[in-house]
Amino acid sequence: MEEFLHRTKSRLDRAKQLEKVHTVIGNKCCDLDSIISTLIYAYYLDKVNSPGILCLPVLNVPRGEFNFYSETRFILEELEIPESFLIFKDEINLHQLNEEGRLLTTLMNFSTLSSDDATLEASVVKFIHSEKRIDAGQEFQESCSCLVAKEILEKAPELVTQQLAHLLRGSILFSCLSMEHERIAKQEEDIICLLEEKFPELPPRQDIISSLQETKMHTQGTNVEDILLKDIKELSDGDIKVAISSICMSLEVSKNQ
């Protein structure tokens, strides 16, 4: 994965020479599921598409806002993937590529562009966004990492390396932990088992879960503005825009504020 990211970052300057640029863009929440599925799906497209198409994973935040995504940074650092290899939204001119008719876009974990990016709609060729399902009488939403893993395992299983399996499984497990009922649905359990059968050397699930739980609420090096921006949502009605943010804290901490 790091070789692919380094190569695509170095080829970014050559985008003007290429006929098409296919970007995979995650949602603005930039959570672990969105980022991991964005990186891996761009890697997959790079392997199966024409060599003349530059496939780029684009994180849907400015580079300066990435430092507070602690759970994502943890797993990337663990796999020795430098942040310098990542491409952020403020480092590529998507609107210019679109105006030139050279942009293809896959939306990951969302299906509606923000008002600032509405003009990019014509470039969208695919979106990967899970629908809510019922499993064992409970409602859940399948993670995009699970959907990406399923597609690659079905269409090009030879592309799944141990590193990719580690990333996908970690992301799926973290998504399950983030759900209210904190359980793994059958569809996701099946994908996790396939990855574990393919790579039995993967670390125990509980080790990954414990590490991700420890980093989820880690806020070292962040300020109030960072925390508010991390979970920002935009509502718009014509020229009127409203930003809504939320901060998670324990009940004991909130009582002491």
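Placed above this text is the structure.
Since the model is a prediction, treat every value here as computed from it, not as a measurement.

Engineer: Before we move on, could you go through the pattern of salt bridges and cite the residues and values that matter?
Structural biologist: Throughout the structure, instances matching the rule amount to 12 salt bridges. Of the charged contacts, one joins E3 and R7 as a salt bridge, the two residues approaching to 3.4 Å between their closest N and O atoms. Of the two residues, E3 and R7 are both situated in helix α1 (residues 2-11); the distance of four residues between them amounts to about one turn of the helix. A salt bridge links R169 to E196; the shortest N-O distance between them is 2.9 Å.

Engineer: Before we move on, could you go through the packing of α1 against helix α2 (residues 32-48) and cite the residues and values that matter?
Structural biologist: The interhelical angle for the contact between α1 and α2, taken along N-to-C directions, is 75 degrees, at an axis separation of 11 Å. Between α1 and α2, the angle falls in the class roughly perpendicular. Taken together, the residues of α2 that come into contact with α1 (itself represented by F4, L5, R7 and R11) are L39, A42, Y43 and D46.

Engineer: For the sheet that holds strand β1 (residues 20-26), give the residues involved together with the corresponding values.
Structural biologist: Spatial ordering of the open sheet is given by β2-β1-β3-β4, a layout of four strands whose pairing is parallel. The sheet is open, and its two edges are formed by β2 (53-58) and β4 (124-128), each paired on a single side. Put simply, the sheet's adjacent strands are angled 15 degrees from each other on average, direction ignored. Contacting β3 (103-108) and β4, helix α5 (residues 144-155) crosses the sheet at an angle of about 110 degrees to β4.

Engineer: Explain the environment of R183 residue by residue, including any values.
Structural biologist: Among the secondary structure elements, R183 is positioned in the loop between α6 (162-178) and α7 (186-198). The sequence separation of R183 and L173 amounts to 10 residues, and the corresponding C-alpha distance is 9.1 Å.

Engineer: Help me get a handle on the pairing of β2, residues and values and all.
Structural biologist: Among the six residues of β2, five are classified as buried, and the element is accordingly described as predominantly covered. Viewed along the sheet, the connection from β1 through α2 into β2 turns out right-handed.

Engineer: Describe α5, naming the residues involved and giving the relevant values.
Structural biologist: Between its first and last C-alpha, α5 extends 16 Å over 12 residues, near the 16 Å set by a 1.5 Å rise per residue. Every buried residue of α5 is listed here: C144, S145, C146, L147, V148, A149, E151, I152 and L153.

Engineer: Hey, could you go over the packing of aromatic side chains for me, with residue numbers and the actual values?
Structural biologist: All chains considered together, the criterion is met by three aromatic pairs. Relative to Y43, the ring of F4 lies with its centre 5.5 Å away and its plane at 80 degrees, an arrangement referred to as edge-to-face. Taken together, the positions of F4 in helix α1 and Y43 in helix α2 put the pair 39 residues apart, joining distant regions of the chain. By relative accessible area, which is 1% here, F4 ends up buried. Note on Y43: relative accessible area 10%, which makes it buried.

Engineer: Quick rundown of unusual backbone geometry? Include the residues and the values.
Structural biologist: Even without a glycine there, the phi angle at C30 is positive, about 55 degrees. As for its placement among the helices and strands, C30 is situated in the loop between β1 and α2. The phi torsion at N109 lies on the positive side, around 75 degrees, for a residue other than glycine. Structurally, the position occupied by N109 is in the loop between β3 and β4.

Engineer: So what's going on with a nonpolar patch on the surface? Which residues, and what values?
Structural biologist: Taken together, the side chains of I240, V242 and I244 make up a nonpolar region of the molecular surface, amounting to roughly 270 Å² of accessible area. Topologically, I244 is positioned in strand β8 (residues 240-244). Its relative accessible area of 43% is what places I244 among the partly exposed residues.

Engineer: A description of the packing of α2 against α5 should follow, citing residues and the corresponding values.
Structural biologist: Interaxial distance between α2 and α5 falls to 8 Å at its minimum, and their mutual angle equals 20 degrees. Viewed along their axes, α2 and α5 adopt a mutual orientation that is roughly parallel. Judged by the sense of rotation from one axis to the other, the crossing of α2 with α5 is left-handed. Within the contact between the two elements, α2 uses D33, I36, S37, I40, Y41 and Y44 and α5 uses C144, S145, V148, E151, I152 and K155. The class makeup of the residues in the contact of α2 with α5 is seven nonpolar, two polar and three charged.

Engineer: Describe the environment of H129, and please don't skip the residues or the numbers.
Structural biologist: With respect to the helices and strands, the residue H129 is situated in the loop between β4 and β5 (132-135). Along the backbone, H129 and S143 are 14 residues apart, and their C-alpha atoms lie at a distance of 8.3 Å. Each residue touching H129, except ones within four places of it in the same chain, is listed here: N109, F110, Q141, C144 and L147. Within the structure, H129 has its side chain in polar contact with the backbone oxygen of N109 (distance 3.5 Å).

Reading the values: the criteria
- The numbers attached to residues start from 1 for each chain and follow its sequence in the written order.
- The model is predicted, so local features are restricted to residues of pLDDT at least 70 and side-chain atom pairs to those at 80 or more, both for listing and for counting; the totals for chains, interfaces and linings are taken over all residues.
- Processing note: side-chain calculations cover all non-hydrogen atoms of the structure and skip hydrogens and water entirely.
- One side-chain nitrogen of Lys or Arg within 4 Å of one carboxyl oxygen of Asp or Glu is enough to make a salt bridge.
- Strands here are runs of E lasting at least two residues and helices are runs of H or I lasting at least four, both read from the DSSP assignment and numbered beginning at the N terminus.
- Axes, fitted as lines to C-alpha atoms, cover a helix only where it is in contact. Angles between the N-to-C directions of the axes lie from 0 to 180 degrees.
- With respect to orientation, any angle under 35 degrees is reported as roughly parallel, any angle over 145 as roughly antiparallel, any angle of 65 to 115 as roughly perpendicular, and every other angle as oblique.
- Every residue pair with non-hydrogen atoms within 4.5 Å of one another is taken to be in contact.
- Pairing between two strands is assigned when DSSP locates at least 2 bridges connecting them.
- Three exposure classes are used, based on accessible area relative to the maximum for each residue type with a 1.4 Å probe and protein chains only: buried under 20%, partly exposed in between, and exposed over 50%.
- With its strands directed away from the observer, a crossover is right-handed exactly when the path from the first strand over the helix to the second travels clockwise.
- In this scheme, a helix's expected span is set at 1.5 Å multiplied by one less than its residue total.
- Any two of the Phe, Tyr and Trp rings considered here, Trp counted by its six-membered ring, make a pair once their centres fall within 6.5 Å; the pair's planes then place it as stacked at under 30 degrees, edge-to-face at over 60, or tilted in between.
- Exposure above 30% relative accessible area and no salt bridge define the residues that can form patches, which grow by joining like charges within 9 Å and nonpolar side chains of Val, Leu, Ile, Met, Phe, Trp and Tyr within 5 Å.
- All accessibility values rest on the Shrake-Rupley procedure with a 1.4 Å probe; residue burial counts only the protein chains present in the view.
- Here a crossing is taken to be left-handed if its near helix is turned anticlockwise relative to the far helix by less than a right angle, and right-handed if that turn runs clockwise.
- Here the term charged refers only to Asp, Glu, Lys and Arg, the term nonpolar to Ala, Val, Leu, Ile, Met, Phe, Trp, Tyr, Cys and Pro, and the term polar to all other amino acids, Gly among them.
- Identification of polar contacts relies on pairs of N or O atoms within 3.5 Å, with a donor-acceptor requirement for protein atoms, meaning one able to donate a hydrogen and the other able to accept it, and with residues adjacent in sequence counted only if both atoms are side-chain atoms.

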